[in-house]
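# Results of the structural survey
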Amino acid sequence: MNKIAGLFIIISSLMTAQQRLSLLECEDAFQKNNLQLLAEQYSINMADADILQAKIWDLPQLSGQINVYNPQDRKVFDVGHAKGAQVTQLIYMGGKKKNEIAFAKSNKELAQLQFSQLLVDLKAQLHTTYYNLYYERLKLENTNRQLGYMNDLLAAYKVQSAKGNVSLKDEVRLQNIVIQLNNDKAGINKNIFDYEQDLKVLTGVADDIEPQLSESDVKDMLAAQPFGDEAELQKKALENNADYRYTIKLIDNSRLYAQWQKSLNVPDLNLGAGWDQNGGTFKNEVNLLVGIPLPLWKSNKGNVEKASFAIQQNQKNVDFQKLNLETQVQAAYRTWKIQYGQLSEIKSEDLNNRELVYNGMLNNFRKGNISLIEFADFMDSYREASLQIYDMKNGVIQAAEQLNQLVQTKIFY
């Protein structure tokens, strides 16, 4: 009884270590728990802090003076007869503060676009990993099904080979099929472990995630068609892609920076008031203090030129990013179209026929109606084709996900 109870505990612990989650549930966990996304959020908060800082003026300055030595009365620190005080405030001229605030606000918009692009990239990674895991599990299920039969068959052949009823060559031929299936299984399991690890990092879910997809959902995804043709998708990508919009925004950002740097060449005004007890023309006189630098040269000329070059550089980058995005969309669309076309050539009745033939080959081999060589050749081709069909289906979905990542708006129906 203790052994049975212990077995139930082990089984229950294994079951609790795995969760069946839909893609939507994974997305919810991703939004709440992804550490990379949460960390990037602080970039927007820091940009808000930069805007706040840009609005703050320099503090007013208070200065004072007292007598150190009175030569007339030969007194040291004659504070009672000679002292004064001044209060000055730096007044920004040329719209410096306005330009600095505008530049800081532009930096926040850039931070928001960077966050949006990171969100898109990580979500695309989540989707591709989820579907990769789904199809790897289907591969594993199919491979285990074949292994179960082939292991039983190999065990029977080993018994008959030991008795001399079948040749050792036949046993080795079956052994080779089992070895290949086990090799497939090892590779599939490695992929599953990698994808499960990636999903844990992306979603923050500690347990292994088992994709929960219905056959109808998968069928709908495989049959989905994009809105518009290649040119329409390129147009939508230029309108919505956050990475490209970031590059365009950099031009506005660099112009605002250049405008700010130009305004720094405008001399600022120091305005204040001063009181002097005995040092002026009158006793206890109050004076208006005005100070301004002499604009003998442009003190910020280098930064202005640098900002001008940055504008030109960003304009060239926009041209490059536009061409790059258009070619990426073109390649992704054509890849999807080819893979969709290849998969469409395989009809549902073809897949049903494959299983009928597979079951027929198993039954006929048991009855001795076909030779081992014919059976082994069929099993090897069936094994390879099964894996390829899963890869083809996954390829269609992955190509669609890449298009989604580039266009960043709903393009499939």
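Note that the structure is predicted; figures quoted are calculated from it, not measured.

Rules and cut-offs
- Residues numbered from 1 in each chain as written.
- Predicted model: local features only at pLDDT ≥ 70, side-chain atom pairs only at ≥ 80, totals over all residues.
- Heavy atoms only, no water.
- Helix = DSSP H or I, 4+ residues; strand = E, 2+ residues; numbered from the N terminus.
- Buried < 20%, exposed > 50% of the residue type's maximum accessible area, 1.4 Å probe, protein only.
- Core = buried A, V, L, I, M, F, W, Y, C linked by side-chain atoms within 4.5 Å.
- Contact = heavy atoms within 4.5 Å.
- Axes fitted to C-alpha atoms, helices over the stretch in contact; angles between N-to-C directions.
- Parallel < 35°, antiparallel > 145°, perpendicular 65-115°, else oblique.
- Nonpolar A, V, L, I, M, F, W, Y, C, P; charged D, E, K, R; others polar.
- Expected span 1.5 Å × (residues − 1).

## So, unusual backbone geometry
Of note in the backbone geometry, Asn284 takes a positive phi value of approximately 50° without being a glycine. Structurally, Asn284 is set in the loop between strand S7 (269-276) and strand S8 (285-291). Taking the relative accessible area as the measure of exposure, Asn284 reaches 46% and is therefore partly exposed. Backbone geometry at Gln408 places phi at a positive 55°, although glycine is not the residue there. Inspection of the secondary structure assignment puts Gln408 in the segment after helix H11 (372-407). Accessibility expressed as a relative area gives 18% for Gln408, which makes it buried.

## As for the nonpolar core
Among the nonpolar cores identified, the biggest contains 53 residues, and Trp336 and Leu403 are the most heavily contacted of them. Here the element with the most residues in this core is helix H4 (residues 96-163); it accounts for 11 residues. Among residues more than four places away in sequence, those in contact with Trp336 are Ala224, Gln225, Pro226, Val396, Ala399, Ala400, Leu403 and Phe412.

## Comments concerning the packing of H4 against H11
Axis separation between H4 and H11 bottoms out at 9 Å; the angle between their running directions is 170°. The angle between H4 and H11 places the two elements in the roughly antiparallel class. For the contact of H4 with H11, the residue count by class is 16 nonpolar, 10 polar and 7 charged.

## Side note on the environment of Glu40
Checked against the element boundaries, Glu40 lands in helix H3 (residues 35-54). Residues Glu40 and Glu25, 15 residues apart in the sequence, show an inter-C-alpha distance of 22 Å.

## Focus: helix H5 (residues 168-203)
With 36 residues, H5 should reach 52 Å at 1.5 Å per residue; the first-to-last C-alpha distance of 52 Å fits that figure. Just downstream of H5, Gly204 is the residue with a positive phi angle, here 75°.

## Some remarks on the environment of Pro226
Mapping Pro226 onto the fold places it in the loop between helix H6 (215-223) and helix H7 (230-240). When its relative accessible area of 10% is taken as the criterion, Pro226 is described as buried. C-alpha of Pro226 to C-alpha of Leu213: the two residues are 13 residues apart in sequence and 21 Å apart in space.

## Observations regarding the environment of Ile346
Along the chain, Ile346 falls in the loop between helix H9 (301-344) and helix H10 (348-367). In this structure Ile346 comes out as partly exposed when scored by relative accessible area, which is 26%. With 180 residues separating them along the chain, Ile346 and Val166 place their C-alpha atoms 39 Å apart. Excluding residues within four positions of it along the chain, Ile346 makes contact with Leu351, Ile389 and Met392.

## A word on the side chain of Arg383
Looking at where Arg383 falls in the secondary structure, it is placed in helix H11. On the basis of relative accessible area, Arg383 is assigned to the buried category, the value being 9%. Beyond its immediate sequence surroundings of up to four residues, Arg383 is in contact with Gln146, Gln180, Leu181 and Asp184.

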